[in-house]
Amino acid sequence: MITLKILRRFLTLLSISTCFFASDYAQAQSSLHSFSLQQVTLLPGVFKNAQLTDKAYILALDPDRLLAPYLTEAGLKPKKKSYENWENTGLDGHIGGHYLSALSFMYASTHDAELNRRLDYMLAQLKRAQDKTGSGYLGGTPGGTAMWKDIVAGKIEADTFALNKKWVPLYNIHKLFAGLRDAYLIAGKSQAKNILVQLTDYIYGVSLKLTDEQIQTMLISEQGSLNEVFADVSVITGQDKYLQLAKRFSHKEILNPLIQGHDELNGLHANMQIPKAVGFQRISEVGGGADYGKAAQFFWETVVNNRSVVIGGNSVNEHFNPTGNFTKMITDIAGPETCNSYNMLKLTRHLFEKAGEVKYMDYYERTLYNHILSSQHPVHGGFVYYTSMRPRHYRVYSQPQVDMWCCVGSGMENHGKYGELIYSYQQKNIYVNLFIASRLNWAAQGLVLSQQTKFPDEETTRLSIDAVKPGRFDINIRYPRWVKAGKLQIKINGAKVPVNAQPGSYVKLNRLWKKGDEITVRLPMELSTEALPDSSHYVAFLNGPIVLAAKTDTTDLDNLIADGDQFGGYRARGKMYPLNEAPILASNQANLQNYLKPVAGKPQTFVAPELISPDKFKNLELIPFYKLHDARYMIYWHQGNLDNAETK
Ligand SMILES: [Zn+2]
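Bear in mind that the values here come from a model prediction, so they are computed numbers and not experimental data.

Engineer: Whenever I open this one, the overall build of the protein chain confuses me. Can you help?
Structural biologist: From N to C terminus, the protein chain includes 19 helices and 25 strands. Rg of the C-alpha trace for the protein chain: 24 Å, near the compact-globule value of 26 Å for 648 residues, within the 12% margin. By its C-alpha atoms, the protein chain is 70 × 65 × 50 Å across when sized along the principal axes. Residue pairs at least 24 apart in sequence account for 72% of intrachain contacts in the protein chain once pairs closer than 6 positions are excluded. For the protein chain, the accessible surface area stands at approximately 23000 Å², while carbon and sulfur atoms represent 51% of it. Seen as two clouds, the 70 positive and the 61 negative side-chain charges of the protein chain have centres 5 Å apart.

Spelled out as structure tokens, the structure:
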């Protein structure tokens, strides 16, 4: 056993040290490998549009303003003043860290020269700041150097949102760590590796002065996925001491119950815990212990199955609500936070690569369309923080130069990496996981595979082989659980092929593929309903994996584009309309989806005049939630009469 473990570690390290792209990064012990973003190009469609909109948002930001906190802290004069909002009130620099990741993803995906230039510029300036501190330390937290000296001296005072009276400095510095890692692993910037390793050495040096108890005290405060990055650094450098650092920076109060299979998450800040689980998973992948993997797996299962709403998101007012009571999900305006889903998709990707199971892609797809894609304004590119589940409430969008929330940072990253899991591979075999218009260029196998589709506006996707080296291999098509057994149809070059696979697996197509071959996949989408996880009388409609919502009105949309208010600007604080005046579903029967009728000439649009009550709402149209913006909406509907409904 020990020999095998050492061998696997060696292979893991070898695969990382010889090449820096994401595909290789993911190879550690995984059963399915991801392609790098450089290998997958989005073709025209909703995701390509979102990518371009995000690119414009990223380019609108000024690198010199994002660098200001880092230069100031290092004792250098910044070229421009920092941004305001969360960028000059204590969390200074966090967006700069996200910016490194966002530039890396977007550059890898689009090969845009300006993004590359900006990334180089950011790294050069950060190097200058790190050289100035002389200690390896680099950070934007005001007074960060003095804070770390206090910590080394044993002065540690931690609260959920504070460490030594500063606003989550560990969370803040994690964004820089992750940005440097992504600049190295995703964009191939070797200078980022040098900054990253020096910075890790600085924290490693601090850790040597601290007991395990002192580190655990620090970890009471929010820390992002510091444990994940340290595990990555252990792979990048081949040094075990960083893996030990990753384990010491794993919050045991959260880890231990998860190892035991206990969900003790009620009431906890959700986005503080999800990144920890990402780190647990990464630690297990690089040889840090199976218990860490067990904890991550259990965390995913309980959050996805017991704590997520129909869009794939979780949390009310940023906290995990009790699994048996989702009342606040309906009554509160602050529904799922976008950062949570950003991190859940990271965890999902890790677990999918390890196990290759369709259940992970089903969740990934659900969340990708209904939370991630929907959280970006399709025109001005503003990002959403809270997606309200309250009937007839709405969402607020960020402004590029003004709002500097967490969900702006993770939002910039989200739309630059849509290519990450459309395809996977195992040896010579391809897996088609998502139905997104794109082109895969796999030079090592001489394969160019294009996917043309308007999915979900159409039920069909067409894969064509534009180039291929002669040889036999598998093309595996995901059979999602939302397509009924026996309904998935596949044709190769126009001829129907038998599909024996079941929903929740892959259809294996093995043949001698040649240039010009075309696979057509038909994925019939069925209407369905989904109740809240607590089985209360609130239900949502889906068409296949797509959540349907109804636009009710555009009144009282206060602060629709956030006003820059630091602590309230991201909240949709316009009037709350009474729940007992919201439209309801006037039937106690099951199979409510049978009332939905398609509207001619409008894809994915439905009405249900016999179901929706009162009369003034009966002609509301249900459309994909990701297409619904700048309006009040209904996702969850109360079923039956309102006697037992919340009426606040
Ligand atoms: Zn956030």
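Engineer: Just checking my understanding: could you explain the sheet that holds strand S14 (residues 505–512) for this structure?
Structural biologist: Either a parallel or an antiparallel arrangement is found when strands of a sheet pair, and the pairing is made through backbone hydrogen bonds. With respect to topology, 5 strands assemble into an open sheet ordered S1-S6-S7-S11-S14, the strand pairing being mixed. Since the sheet does not close on itself, it has two edges, and those belong to strand S1 (33–34) and S14, each with one partner. Taken together, the 2 bridges between S1 and strand S6 (residues 423–426) define a ladder with antiparallel strand orientation. Across the sheet, Ser34 pairs through a bridge with Ser424, a residue of S6. In the packing of helix H18 (residues 358–372) onto the sheet, the strands contacted are strand S11 (472–479) and S14, and the crossing angle to S11 comes to about 55°.

Engineer: What is the right way to read the packing of aromatic side chains from this model?
Structural biologist: The geometry of an aromatic ring pair comes down to the distance between the two centres and the angle between the two planes. Under the definition given, this model contains 31 aromatic pairs. Among the aromatic residues, those joined into a ring-pair cluster are Phe47, Tyr369, Tyr418, Phe435, Phe455, Trp482 and Tyr626. Here the basic side chain of Lys175 rests over the ring of Tyr171, its NZ or CZ set 4.0 Å away from the ring centre. The side chain of Arg632 reaches across the aromatic face of Tyr577, ending 3.8 Å from its centre.

Engineer: Sorry if this is basic, but what is going on with the side chain of His251 here?
Structural biologist: By the secondary structure assignment, His251 is in the loop between helix H12 (240–248) and helix H13 (252–259). According to the relative accessible area criterion, His251 is buried, its value standing at 6%. With sequence-adjacent residues up to four places away left out, His251 is seen in contact with Gln216, Leu219, Ile220, Gln223, Lys276 and Phe280.

Engineer: Whenever I open this one, H13 confuses me. Can you help?
Structural biologist: Residues lying three or four places apart along an α-helix face the same way, a consequence of the helix completing one turn every 3.6 residues. When H13 is considered as a whole, its buried residues turn out to be Ile254, Leu255, Pro257, Leu258 and Ile259. Buried residues belonging to H13 abut helix H14 (270–285) and helix H15 (290–306). Gly261, located one to two residues past H13, shows a positive phi value of around 75°.

Engineer: Even after reading the chapter, I still don't get unusual backbone geometry, so can you show me in this structure?
Structural biologist: Most of the time, phi is negative for any residue but glycine, and the peptide bond is trans. The step from Phe455 to Pro456 runs through a cis peptide bond, and the omega angle for that step is 5°. The linkage connecting Ser613 with the following residue, Pro614, adopts the cis geometry, with an omega of -5°. Non-glycine residue Arg392 carries a positive phi angle of around 60°. Note on placement: Arg392 falls in the loop between H18 and helix H19 (406–414). Positive phi outside glycine occurs at Gln604, with the angle close to 55°. Looking at where Gln604 falls in the secondary structure, it is placed in the loop between strand S20 (597–598) and strand S21 (606–607).

Engineer: Looking at this structure, how should I read helix H9 (residues 190–208)?
Structural biologist: Between the first and last C-alpha of H9 there are 27 Å, a value that for 19 residues agrees with the 27 Å anticipated at 1.5 Å per step. For H9, the full list of buried residues reads Ala192, Ile195, Leu196, Val197, Leu199, Thr200, Tyr202, Ile203, Val206 and Ser207. Close packing links the buried residues of H9 with helix H6 (113–133), helix H7 (144–152), helix H8 (169–185), helix H10 (212–218), helix H11 (226–237) and H12.

Engineer: Could you clarify how one ought to interpret the nonpolar core in this entry?
Structural biologist: If you look at soluble globular proteins, the nonpolar side chains tend to sit buried side by side. Of all hydrophobic cores here, the largest spans 166 residues; its most connected members are Trp148, Phe299 and Ile477. By residue number, the principal contributor to this core is H8, which donates 10 residues. Beyond its immediate stretch of four places on either side in the chain, Ile477 contacts Val432, Phe435, Leu463, Ile490, Ser505, Tyr506, Val507, Leu509 and Val521. In terms of nonpolar packing, the next biggest core, distinct from the first, is built from 22 residues, Val309, Leu532, Phe625 and Tyr636 among them.

Engineer: Explanation requested: the coordination of the zinc ion in the structure shown.
Structural biologist: The zinc ion binds to the protein through Glu337 (OE), Cys339 (SG), Cys406 (SG) and Cys407 (SG); the donor distances cover 2.1 to 2.3 Å. If you look at the zinc ion, its 4 donor atoms make angles of 96 to 122° with each other, and the shape they trace is tetrahedral. On the primary sequence, the residues serving as donors to the zinc ion are separated as E-x1-C-x66-C-C. Placement of the pair is Glu337 in the loop between helix H16 (327–331) and helix H17 (338–355) and Cys406 in helix H19, with a sequence separation of 69 residues. Since its relative accessible area comes to 1%, Glu337 is described here as buried.

Engineer: How should the packing of helix H5 (residues 94–110) against H6 be read in this particular structure?
Structural biologist: When two helices pack together, their arrangement is given by the angle between the helix axes and the distance between those axes. In the contact formed by H5 and H6, the axes pass within 9 Å of each other and the chain directions differ by 150°. Seen from above, H5 lies across H6 with left-handed handedness. Residue-level inspection shows Gly96, Tyr99, Leu100, Leu103, Ser104, Met106, Tyr107 and Thr110 of H5 in contact with H6, the latter providing Leu115, Asn116, Arg118, Leu119, Met122, Leu123 and Leu126. A breakdown of the residues in the contact of H5 with H6 according to their chemical character gives 10 nonpolar, 4 polar and 1 charged.

Engineer: Whenever I open this one, the sheet that holds strand S12 (residues 489–492) confuses me. Can you help?
Structural biologist: Pairing within the open sheet is antiparallel, and its 7 strands lie in the order S2-S8-S9-S10-S15-S12-S13. Strand pairing shows two members of the sheet lacking a second neighbour, strand S2 (40–42) and strand S13 (495–497), which therefore form its edges. Along the sheet, successive strands turn relative to each other by an average axial angle of 20°, direction set aside. Pairing analysis gives 4 bridges linking S12 to strand S15 (residues 518–522), with the strands arranged antiparallel. Each residue of the ladder has a partner; that of Lys491, found in S15, is Thr520.

So, how was this worked out
- Residues numbered from 1 in each chain as written.
- Predicted model: local features only at pLDDT ≥ 70, side-chain atom pairs only at ≥ 80, totals over all residues.
- Heavy atoms only, no water.
- Helix = DSSP H or I, 4+ residues; strand = E, 2+ residues; numbered from the N terminus.
- Rg over C-alpha atoms; globule rule 2.2 N^0.38 Å.
- Contact = heavy atoms within 4.5 Å.
- Areas by Shrake-Rupley, 256 points an atom, 1.4 Å probe, with all protein chains shown as cover.
- Lys, Arg positive; Asp, Glu negative; His and termini not counted.
- Charge placed at Lys NZ, Arg CZ, Asp CG, Glu CD.
- Pairing = 2+ DSSP bridges.
- Axes fitted to C-alpha atoms, helices over the stretch in contact; angles between N-to-C directions.
- Phe/Tyr/Trp six-rings, centres within 6.5 Å; stacked < 30°, edge-to-face > 60°.
- Lys NZ or Arg CZ within 6 Å of the ring centre and 35° of its normal.
- Buried < 20%, exposed > 50% of the residue type's maximum accessible area, 1.4 Å probe, protein only.
- Expected span 1.5 Å × (residues − 1).
- Core = buried A, V, L, I, M, F, W, Y, C linked by side-chain atoms within 4.5 Å.
- Donors = N, O, S within 2.8 Å, 3.2 Å for Na, K, Ca; no water.
- Tetrahedral: all angles 85-135°; square planar, octahedral: opposite > 155°, others 65-115°.
- Left-handed = near helix turned anticlockwise from the far one by under 90°.
- Nonpolar A, V, L, I, M, F, W, Y, C, P; charged D, E, K, R; others polar.

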